[in-house]
Amino acid sequence: MGLAGFDNPVLDQQAAFRSVMQALAEPGRIVAAGALAGESSPLGPVVRAIALSLLDFEVKFHLAPSLTATEDDLTFHTGSCRTNKPAEAEFAFVDLARDALDLASFAQGTPEYPDRSTTVIVKVESLVGGQPLMLAGPGITGMRELEIPGLPSDFVAQWAANAARSPLGVDLILATREAVLGLPRSSRILTEAR
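Residues numbered from 1 in each chain as written. Predicted model: local features only at pLDDT ≥ 70, side-chain atom pairs only at ≥ 80, totals over all residues. Heavy atoms only, no water.

J.: What am I meant to see in helix H2 (residues 45-54) here?
T.: Quick reminder: α-helices carry 3.6 residues per turn. Residues three or four places apart thus point the same way. Counting buried positions over the 10 residues of H2 gives 10, a clear majority of the element. Restricting attention to buried positions, one finds in H2 the residues Pro 45, Val 46, Val 47, Arg 48, Ala 49, Ile 50, Ala 51, Leu 52, Ser 53 and Leu 54. The inward-facing, buried residues of H2 contact helix H1 (9-25), helix H3 (71-78), strand E4 (91-95), strand E5 (119-123), strand E8 (171-175) and strand E9 (179-183). (Buried < 20%, exposed > 50% of the residue type's maximum accessible area, 1.4 Å probe, protein only. Helix = DSSP H or I, 4+ residues; strand = E, 2+ residues; numbered from the N terminus. Contact = heavy atoms within 4.5 Å.)

And the structure:
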């Protein structure tokens, strides 16, 4: 038997979507998860709730290798279909502890349609305790510290290349089992915090 969807589909879907929008509006700020769905899913309850709120029959999603077992679950609950090509996906799901994160492999959008890029939802163990970095850009007053453990060693360089493509480039949603944090492509990592 598969995993159930939301307990209260309309309200839970709205709450999950709202937490993602709030996280993207205030980059680098940790936002409480709006809803949970599927405690036993390899995606985790927050990433799965985000998937159930964002995916529908009009979009394609990509799953990193460690998450491919969730394909049938997501297809059943959302009507969306999986693509094996990251650059064809509107949404992609990655487990930072088990999968590589290569921002350039995803759809970057086009000058005419910059919104045709991939939003990458990244499952992380924690949103605190990693190497401190300083974040600036729209939605941030001054600067905000970011310290996500487990980021790839080349993440700062990857993000600089992604931000340089703005308004093209990908957006990231990082999620633990309780919270989300947004990194829209317009955000810049300035320097390591001291």
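Continuing now.
J.: So what exactly am I meant to see when it comes to the pairing of E8 here?
T.: For a regular strand, the rule is simple: side chains alternate between the two faces of the sheet. The buried fraction of E8 amounts to 5 of the 5 residues, a majority that puts the element mostly inside the structure. Of the two faces of E8, the one carrying Asp 171, Ile 173 and Ala 175 and the one carrying Leu 172 and Leu 174 are both buried. The pairing of E5 with E8 spans 5 bridges and is parallel. Bridge pairing in E8 places Lys 123 opposite Ala 175. Looking at chain direction, E8 and E9 are connected through 4 bridges and run antiparallel. Across the sheet, Ile 173 pairs through a bridge with Gly 182, a residue of E9. Between E8 and E9, which pair antiparallel and follow one another directly, the connecting turn spans 3 residues. (Pairing = 2+ DSSP bridges.)

J.: Just to check I follow, could you spell out the nonpolar core for this structure?
T.: Buried together is how nonpolar side chains tend to be arranged in soluble globular proteins. Among the nonpolar cores identified, the biggest contains 27 residues, and Val 120, Phe 155, Leu 172, Leu 174 and Leu 183 are the most heavily contacted of them. Counting only elements with at least two residues in this core, the list comes to E4, E5, strand E6 (133-136), helix H4 (155-164), E8 and E9. Beyond its immediate stretch of four places on either side in the chain, Val 120 contacts Ala 92, Val 94, Leu 101, Phe 106, Val 170, Asp 171, Leu 172 and Ile 173. Residues Val 31, Val 46, Ile 50 and Leu 67 belong to the second largest nonpolar core, which totals 21 residues. (Core = buried A, V, L, I, M, F, W, Y, C linked by side-chain atoms within 4.5 Å.)

J.: I keep staring at the pattern of salt bridges and nothing clicks. Help me out?
T.: Oppositely charged side chains can pair when the atoms bearing their charge come close. Under the criterion given, the structure shown has 7 salt bridges. Asp 73 serves as the salt-bridge partner of Arg 48, at 2.7 Å between the closest nitrogen and oxygen. Of the two residues, Arg 48 sits in helix H2 while Asp 73 sits in helix H3, which places them 25 residues apart along the sequence. Classification of Arg 48 by relative accessible area gives buried; the value is 0%. For Lys 123, the salt bridge identified is with Asp 95, shortest N-O distance 3.9 Å. (Salt bridge = Lys/Arg side-chain N within 4 Å of Asp/Glu carboxyl O.)

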